[in-house]
Amino acid sequence: MAGFSILDLSPVSEGSNLTQAFESSRRMAKRAEECGYKRFWLAEHHGMPGIASAATALVIAHVGAATSTIRIGSGGIMLPNHSPLVIAEQFGTLAALYPGRIDLGLGRAPGTDMRTAQALRRNLDAGASSFPNDILELKQLMGPMAENQPLIAIPGANSNVPIWLLGSSMYSAHLAAMLGLPYAFASHFAPDLLMEAITLYRDRFTPSEELDRPYVMAGVMAAAAETDEEAAYHFTSAQQQFVNLRRNVRGQFPRPLKSMDGFWSEMEQINVEHTLRYAVVGSKETAAAKLGNFIRETQADEIIISMPIHDIEARLRSVEIFADVRETLAAQA
């Protein structure tokens with residue numbers, strides 16, 4: 001049975017502030033730990049008023065201080081935005097603070113608009129094209145120190161933080177397979193190449209010191225509640241957010257609507273529903289049926305669930321319901 005994990009973006013809900021967003025992430029991580037989830041990951045985004053996890057390592061430390069057993073980490077750090085040395089030092093620090101609990105998921109997208117990406121990096125093109133070499137450098141900086149090693153990360157050296165590759169393309173599947181790393185596919189917002197990418201990854205996987213067999217994590221966007229109608233109501237926040245993203249409208253994470261009718265055009269609805277076609281929205285029974293089908297289709301080793309729900313109490317309830325869903329699916333397996 002696939003393990004369940006959570007992906008959080010520290011959403012800044014409409015009418016709230018950054019402090020409340022970070023407190024909500026803390027509460028969500030604690031509830032996830034209590035409910036038996038494997039991991040709680042945070043994602044790097046920049047320049048978005050509705051997302052507070054830009055300084056990702058700091059937010060990981062924040063949720064780490066509130067928990068004691070659940071693995072915590074990045075889903076992901078956008079490596080081209082940073083030098084490998086800086087990431088090695090940050091995650092080496094986290095590994096020292098929370099031993100045996102830190103994951104480093106890496107992506108190569110900017111996680112923002114091009115103007116902000118340019119401000120983050122000194123050379124935008126070199127950052128993306130050097131991604132494979134940066135991964136190798138990062139692995140070396142966080143691994144055992146070699147004799148006369150010219151560049152040392154302190155903290156970082158000997159931390160051996162597990163590295164994951166994240167992606168939504170064939171490129172990331174090829175690279176994860178070649179390097180023998182676990183692979184997380186962003187099917188929660190980029191579903192089109194899911195099956196093709198994970199098949200290629202499994203077929204071409206090369207065993208490594210880190211991993212002897214392929215390991216696939218697949219993402220789903222989700223909202224669970226007591227009824228299908230309540231879950232659909234909460235999920236309108238995510239649907240609005242995706243419409244606003246396409247309209248280049250920046251704002252806090254929107255309150256839910258009774259209906260999306262009148263908010264989106266027919267073409268916007270088609271596009272968003274296509275993007276979110278793997279979304280799991282509904283009651284416990286509905287969510288179990290949908291997620292069970294997704295797990296059977298992908299044969300994923302692990303599912304990572306993003307729960308973009310405006311109200312924190314409803315979000316925490318969704319965390320609990322999906323924990324029950326996992327128990328239901330495990331009993332059926």
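Look above for the structure.
These lines cover the structure that appears in this document, whether it is placed above or below. (Residues numbered from 1 in each chain as written. Predicted model: local features only at pLDDT ≥ 70, side-chain atom pairs only at ≥ 80, totals over all residues. Heavy atoms only, no water.)

Considering a nonpolar patch on the surface
Together, Met-145, Ile-152 and Ile-154 make up an exposed nonpolar region whose accessible area comes to about 290 Å². As for its placement among the helices and strands, Ile-152 is situated in the loop between α6 (131-142) and β5 (163-167). Judged by its relative accessible area of 38%, Ile-152 is partly exposed. (Patch = residues over 30% accessible without salt bridge, like charges linked within 9 Å, V, L, I, M, F, W, Y side chains within 5 Å. Areas by Shrake-Rupley, 256 points an atom, 1.4 Å probe, with all protein chains shown as cover. Salt bridge = Lys/Arg side-chain N within 4 Å of Asp/Glu carboxyl O. Helix = DSSP H or I, 4+ residues; strand = E, 2+ residues; numbered from the N terminus. Buried < 20%, exposed > 50% of the residue type's maximum accessible area, 1.4 Å probe, protein only.)

Looking at the pattern of salt bridges
Taken as a whole and judged by the stated rule, the model has 15 salt bridges. What emerges from the salt-bridge pattern is a single network uniting Arg-31, Glu-34, Glu-226, Arg-317 and Glu-320.

Regarding the side chain of Ser-10
Tracing the chain through its elements places Ser-10 in the loop between β1 (3-8) and α1 (18-34). Contacts of Ser-10, omitting those with residues within four sequence positions, involve Ala-21, Phe-22, Ser-25, Leu-42, Gly-50, Ile-51, Ala-52, Ser-53 and Val-59. (Contact = heavy atoms within 4.5 Å.)

A word on the packing of helix α7 (residues 170-179) against helix α8 (residues 194-204)
It is at 8 Å that the axes of α7 and α8 come closest, and there the two elements cross at 20°. Taken together, α7 and α8 sit at an angle that is classed as roughly parallel. Regarding α7 and α8, the two cross each other, and that crossing is right-handed. Contacts between α7 and α8 involve Met-170, Ala-173, His-174, Ala-176 and Ala-177 from the former and Glu-196, Ala-197, Leu-200, Tyr-201 and Arg-204 from the latter. (Axes fitted to C-alpha atoms, helices over the stretch in contact; angles between N-to-C directions. Parallel < 35°, antiparallel > 145°, perpendicular 65-115°, else oblique. Left-handed = near helix turned anticlockwise from the far one by under 90°.)

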